Amino acid sequence: MLHPLAVMNIVHNKSRSLSSIVGISFVIMIIFYQMGAYSKVISASMQVYNELEFDIIVLSNDYFHMGQSFTFPRQRLYQISDISGVETAVPFYIALSPWRNSLNGIIRPILVMAMPINNQGSQVFSSNEIRESLPLIIQPNTLLFDRRSRKFYGPQTPGTTAEIAGNEFKILGNYTMGGAFISTGTTIVSDQNFQRIFFRSLDNVSFGLIRLKNSAHADVVAEKMRQILEEDVLVLTRTELEQREKSYWATTSSVGLLLGSGVIVVFLVGIVILSQVLATQVMNHITEYATLKAFGYSSLHLANIVLQQAFAFVIISYVIGFGLAVGFYKLTSMLAGVPIGMTTYRAIAVALMTIFMGTTASITSLRKVLLADPADVF
Amino acid sequence: MFSNKVPLSWLNLMHNKRKLLLSILGVTFAVVIMFVEVGFYLTFFDKNTVLITKLNSDLIMVSKSKLSLIFTQRFSRTRLYQAASVDGVYAVHPLYIERALSMWKNDNNQTRSIRAIAFDITQKIINIPQIEKYKAQLALPNTVLIDNKSRSCYGSKEVNTTTELANSHVQIVGDFTMGPDFSNHGNIIMSDKNFAILFQKNAIDKLEGVSLGLIQIDPDYDIESVQKNLQKTLTDDVNIYTRDEYEQKEKDFWKVTSPVGPIFLMGTVAGFLVGIIICYQILYSNVMSYLKQFATVKAFGFANRYLLKVVLQEALLLSIFGFFVAFGATRVIASIIAEHSSINITVDLYISTIILILTVVMCVVAGIMAARRAFLADPADLF
């Protein structure tokens, strides 16, 4: 399939080829990493919402993003509960609060989530694990603790204690969620406990989670709510929330902007480095190419060889870069507590980018080969 | 180091100017990646310490249990008076911060927590020129200055607006500039007397709990020795930091606490690794093109140590050229990013020093790796 000359050129000087391949692989790895980090920041914005059951969400009109959500009067939820199509309207509370590690006394902020719980628990969370353990934390000063919280929060096992805002709490169960880029840890308490920790009236609601009857259409009901409700709230369907949240993290937050421009910088750098490495490879054999021309090989034939050689390099490097990136994702996930993984979409996107870079680089070196004059060689 | 009779490394690099230009470009790009990543990483946390950088004090006293500015732990004002009696202390000023009780009513009659900063406004405690300007107004009851960069959730920030703060009427008498951070959406400044009236209505001993103690040192004394002295004299429920130390401590807190910290850190690591590889590429290809010459030099009786020296000199030259070009390029990139977003990547002396060190380390490591190829140059293969 490959022209033997292209293969020979690569194999001829193994250590030089290897060093080129390693160089390109690392460039591909850093592109993977930057893209992974960027898309994680965007997708992670829905991480907590994805665990909640709702068709429409009511938010304060000051709502910025999940980490800065503000509150609105609970009254608004009563106002909409009799709109046709609304099944339930449940208040949900969040706050960032100091959490004291019971072992070493170190204090770190944690995301506290709360909602009304009765003897049957609550239907707010979609995870069965959370639903089953919710009735446990009706008791005063008890909570559920997120396994994905960073290690510095201290022991996670049920039965151990921790302090939230100066109150001792007992951990009664665990769940798996992760605070994404909002918080390094999360915990769930009942609304009654929440009220006591923060001296905060339950009349100030963070999110109103609206579930609709099966027959109702979210867009229609949301529009009806907007007509009824005052200007101090924002009514969003699930899709609208997702769009809003993602666009905040991609374009407004400094994290998104920084990582986004990181992708661009790395991509540009990648093209330059790749072109240089490939050009060096081709130039090493320029006398041979000129000789072949003197033997009567057509320029088209030589161009074919150069392209094959370039793409063989790029493909091998892509495979190695892919492996390096998977390792780097693992390391970052471990350090950041935010799982970053390879996705098919990203694998294809970087593959296309690599092909594009390979082509750009080949065109530059191709010109030199085509211009190589046998007369200049000796 | 460059005292060879024949400056071989210099001549090697200069021999092919086009190639040299390409090599410098390669190093430059690696350095730009590191600059941008480190710049992102270090400036990302800057906004959390704006208040600290504006404090007009040499030393800062903080409750030992206050891990970050965002936490409320206060210490007894008595500690500050004790500190005043230590040799070399010129003046002490208490600074009060309230976030939980400081509920600001906006245009929609909703209350939003705002960071209230209070102190004796007749003293130059914070380097904000507007305080001097509005001193007379701030001395009146229930008056505040508002941070004009506070988020929109607080409603009108116009001068003369009257609203409610902690259920009392307050009037905005002027504004200043500070900006929101990771945990505060806005700031207000008021006199300590107003602070006591607004937030400590029922307290018997008003203004007893201090958030930050600002200590000014007599210019004739050495700040660090006074700091040691204070730490020794005072009971250990407080810590004494220089302003720079406290700023660093606050940034360190956010580096651990912010979920995005490790993302930028790993970006820098990736940039450094890529830098080593690119640099190795360049030096390796340079060694290869002069392999015959290296072998000849060996045939003349020079040891491998000499070859290592030549390659390392080339590496150093490349790193220095690359660094300076990258420095310029980063400033251009930073200004482009600043133009299109609210992000300012500072390219200051501190960051530049870190990057220069990283660049040199990067090139030297790559140089050692590349020189190993030169060692293998065999004069016998030459002809």
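The rules behind these values
Think of each chain on its own: its residues are numbered from 1, step by step along the sequence as written. A letter from A marks each chain and a number from 1 marks each ligand, given out in the order of writing. It should be noted that, the model being predicted, local features are given only for residues of pLDDT at least 70 and side-chain atom pairs only at 80 or more, the latter also being counted only at that level, while totals for whole chains, interfaces and linings use all residues. Strands are runs of DSSP state E lasting at least two residues, helices are runs of H or I lasting at least four, and both sets are numbered from the N terminus onward. Here the globule rule is a power law, 2.2 Å times the number of residues to the power 0.38, and the radius of gyration is based on C-alpha atoms. Note that contacts rest on C-beta atoms placed from the backbone: two residues are in contact if these are within 7 Å. The classification used treats Ala, Val, Leu, Ile, Met, Phe, Trp, Tyr, Cys and Pro as nonpolar, Asp, Glu, Lys and Arg as charged, and all other residues, Gly among them, as polar. Defined on buried residues, the nonpolar core groups Ala, Val, Leu, Ile, Met, Phe, Trp, Tyr and Cys residues joined through C-beta atoms within 7 Å. Three classes are used. A residue is buried when 20 or more other C-beta atoms lie within 10 Å of its own, exposed when 12 or fewer do, and partly exposed in between, with C-beta atoms placed from the backbone. The domain boundaries here were taken from an automatic or database domain assignment. Whether two strands pair depends on DSSP finding at least two bridges between them. Here the axes come from fitting lines to C-alpha atoms, over the contacting stretch only for helices, and the angles between their N-to-C directions go from 0 to 180 degrees. These descriptions rest on fixed angle ranges, namely under 35 degrees for roughly parallel, over 145 for roughly antiparallel, 65 to 115 for roughly perpendicular, and the rest for oblique. Should the near helix be turned anticlockwise from the far one by less than a right angle, the crossing is termed left-handed; should it be turned clockwise, right-handed. Between the first and last residue of a helix there are one fewer steps than residues, each counted as 1.5 Å, and that sum is the expected span.

### As for the overall build of chain B
Here is step 1 of the chain: Assigned secondary structure in chain B consists of 13 helices and 13 strands.
Here is step 2 of the chain: Relative to its length of 383 residues, chain B is extended, with a C-alpha radius of gyration of 29 Å against a globular reference of 21 Å.
Here is step 3 of the chain: For chain B, long-range pairs separated by at least 24 residues make up 82% of all intrachain contacts whose partners lie at least 6 apart in sequence.

### As for the overall build of chain A
Here is step 1 of the chain: Of regular secondary structure, chain A possesses 12 helices and 11 strands.
Here is step 2 of the chain: By the compact-globule yardstick of 21 Å for 378 residues, chain A is too spread out, its C-alpha radius of gyration being 29 Å.
Here is step 3 of the chain: Principal axes of the C-alpha set define a box for chain A whose edges measure 90 × 50 × 30 Å.
Here is step 4 of the chain: Across chain A, contacts joining residues at least 24 apart in sequence account for 79% of those joining residues at least 6 apart.

### Section: the interface of chain B and chain A
Here is step 1 of the chain: Between chain B and chain A, the contact holds 37 residues from the first and 45 residues from the second.
Here is step 2 of the chain: Elements with a contribution of two residues or more to the side of chain B that touches chain A: α2 (17-44) and α10 (261-289) of chain B.
Here is step 3 of the chain: With 15 residues, α10 of chain B is the largest single contributor of residues to the side of chain B that touches chain A.
Here is step 4 of the chain: Taken together, the residues of the side of chain B that touches chain A break down into 26 nonpolar, 10 polar and one charged.

### Examining the environment of P73 of chain A
Here is step 1 of the chain: With respect to the element layout, P73 of chain A can be found in strand β2 (residues 72-73).
Here is step 2 of the chain: Counting along the chain gives 133 residues from P73 of chain A to S206 of chain A, while the straight-line C-alpha distance between them is 9.0 Å.

### A few points about the nonpolar core
Here is step 1 of the chain: Among the nonpolar cores identified, the biggest contains 225 residues, and M29, I56 and I57 of chain A together with I33, M61, C279 and L283 of chain B are the most heavily contacted of them.
Here is step 2 of the chain: Leaving out residues up to four positions away in the same chain, I33 of chain B has contacts with V265, V266 and V269 of chain A together with G271 and V274 of chain B.

### Some thoughts on the domain arrangement of chain A
All names here are of chain A.
Here is step 1 of the chain: Splitting chain A by domain gives domain 1 (4-44 + 253-377) and domain 2 (62-230).
Here is step 2 of the chain: Once you take the C-alpha centre of each, domain 1 and domain 2 turn out to be 47 Å apart.
Here is step 3 of the chain: Taken together, the contacts link five residues of domain 1 with six residues of domain 2.
Here is step 4 of the chain: Tallied by class, the residues present in the side of domain 1 that touches domain 2 amount to four nonpolar, one polar and no charged.

### Observations regarding unusual backbone geometry
Residues and elements named next belong to chain B.
Here is step 1 of the chain: At N109, a residue that is not glycine, the phi angle is positive and equals roughly 60°.
Here is step 2 of the chain: Tracing the chain through its elements places N109 in the loop between β4 (103-105) and β5 (111-113).
Here is step 3 of the chain: Even without being glycine, L207 reaches a positive phi, approximately 60°.
Here is step 4 of the chain: A residue is classified by how many C-beta atoms lie within 10 Å of it, and L207, with 17 of them, is partly exposed.

### Points about the domain arrangement of chain B
Here is step 1 of the chain: Structurally, chain B comprises domain 1 (8-47 + 259-382) and domain 2 (65-235).
Here is step 2 of the chain: Each of domain 1 of chain B and domain 2 of chain B has a C-alpha centre, and the two are 48 Å apart.

### Notes on the pairing of strand β10 (residues 187-191) of chain B
Residues and elements named next belong to chain B.
Here is step 1 of the chain: In terms of burial, β10 is largely enclosed, as five of its five residues are buried.
Here is step 2 of the chain: What you see with β10 is no split at all: N187, I189 and S191 on one side and I188 and M190 on the other are buried throughout.
Here is step 3 of the chain: Sheet topology note: the strand β6 (residues 115-119)/β10 ladder contains five bridges and is parallel. If you follow I117 over to β10, its bridge partner there is I189.

### Quick notes on the packing of α2 of chain B against helix α13 (residues 349-375) of chain B
Residues and elements named next belong to chain B.
Here is step 1 of the chain: The contact between α2 and α13 brings their axes to 10 Å, and the two run at 140°. One way to sum up the angle between α2 and α13 is to call them oblique. The handedness of the crossing between α2 and α13 comes out as right-handed. Two secondary-structure elements touch here, α2 through V31, M34, F35, V38, G39 and L42 and α13 through I351, I354, I355, L358 and T359.
Here is step 2 of the chain: Residues that form the contact of α2 with α13 fall into these classes: nine nonpolar, two polar and no charged.

### Observations regarding helix α11 (residues 344-371) of chain A
Here is step 1 of the chain: The terminal C-alpha atoms of α11 of chain A lie 40 Å apart, and with 28 residues this matches the ideal 40 Å at 1.5 Å per residue to within 8%.
Here is step 2 of the chain: When α11 of chain A is considered as a whole, its buried residues turn out to be V350, T354, M357, G358, A361, S362, S365 and V369 of chain A.

### A short note on the pairing of strand β7 (residues 143-147) of chain B
All names here are of chain B.
Here is step 1 of the chain: The buried count for β7 comes to four of five residues, which makes it a mostly enclosed element.
Here is step 2 of the chain: Two strands pair when backbone bridges link them, and β7 and strand β9 (residues 168-176) are joined in this way by five bridges, in the parallel orientation. Considered in β9, the bridge of V144 is made with I172.

### What to know about the environment of S23 of chain B
Residues and elements named next belong to chain B.
Here is step 1 of the chain: Tracing the backbone shows S23 in helix α2.
Here is step 2 of the chain: Distance from S23 to D222, taken between C-alpha atoms, is 48 Å for residues 199 residues apart in sequence.
Here is step 3 of the chain: Non-local contacts of S23, meaning those with residues more than four positions away in its chain, are made with I282 and L318.

### With respect to the packing of α2 of chain B against α10 of chain B
All names here are of chain B.
Here is step 1 of the chain: α10 packs onto α2 with a crossing angle of 170° between their chain directions and a minimal axis gap of 9 Å. Between α2 and α10, the crossing angle belongs to the class labelled roughly antiparallel. Here S23, G26, V27, A30, V31, I33, M34, E37, V38, F40, Y41 and F44 of α2 lie close against α10, whose contacting residues are F264, L265, G267, T268, G271, F272, V274, G275, I278, C279 and I282.
Here is step 2 of the chain: Residue composition of the contact of α2 with α10, grouped by class: 16 nonpolar, six polar and one charged.

### Thoughts on the environment of I336 of chain B
All names here are of chain B.
Here is step 1 of the chain: Structurally, the position occupied by I336 is in helix α12 (residues 304-340).
Here is step 2 of the chain: The class for I336 is exposed, based on 11 C-beta atoms found within 10 Å.
Here is step 3 of the chain: Note: C-alpha distance between I336 and P219 (117 residues apart in sequence) is 42 Å.

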